[in-house]
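Residues per chain, in single letters:
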Amino acid sequence: MASLEAVDAVVFFGDKEPKDIIAKILPQVLVKGKDWAHYVSGREVVEANGGSVVLADIVDGRSTTARSNEFSKVYRAKSET
């Protein structure tokens, strides 16, 4: 994800509620899957600071959660060696 030209930073977090992290970073664009249209943590702070929230289409077989879990497994394996 970090290698995408439009992405300035990728932040991994363990909190179920990342509102505080989002408030510190203040992204211009916050992207969530449309399956989270009912609630986007940090929406208020992003929009209050002139940013926007984008709800991305869900694509079968692809998810950022699955990708980040793969990255985490690789990172843990490397750090254990």
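Above this text is the structure in question.
Basis of the calculations
Residues numbered from 1 in each chain as written. Predicted model: local features only at pLDDT ≥ 70, side-chain atom pairs only at ≥ 80, totals over all residues. Heavy atoms only, no water. Core = buried A, V, L, I, M, F, W, Y, C linked by side-chain atoms within 4.5 Å. Buried < 20%, exposed > 50% of the residue type's maximum accessible area, 1.4 Å probe, protein only. Contact = heavy atoms within 4.5 Å. Salt bridge = Lys/Arg side-chain N within 4 Å of Asp/Glu carboxyl O. Helix = DSSP H or I, 4+ residues; strand = E, 2+ residues; numbered from the N terminus.

1. Structural notes on the nonpolar core
Of all hydrophobic cores here, the largest spans 5 residues; its members are I22, L30, V40, V46 and V53. Those residues in contact with L30 that lie beyond four places of it in its chain are I22, V40, S41, G42, R43, V46, S52, V53 and V54.

2. Some points on the pattern of salt bridges
Summed over the entire model, instances satisfying the criterion amount to 2 salt bridges. Taking the shortest distance from any N to any O, the salt bridge between K34 and D57 comes out at 2.7 Å. In this pair, K34 is assigned in the loop between β1 (29-33) and α2 (43-48) and D57 in the loop between β2 (52-56) and α3 (64-79), connecting sequence segments 23 residues apart. Accessibility expressed as a relative area gives 44% for K34, which makes it partly exposed. Residue classification places D57 among the exposed residues on the basis of a relative accessible area of 57%. Notably, a salt bridge pairs E47 with R43, separated by 3.1 Å at the nearest N-O pair. Here R43 and E47 lie together in helix α2, a separation of 4 residues that amounts to about one turn. Judged by its relative accessible area of 25%, R43 is partly exposed.

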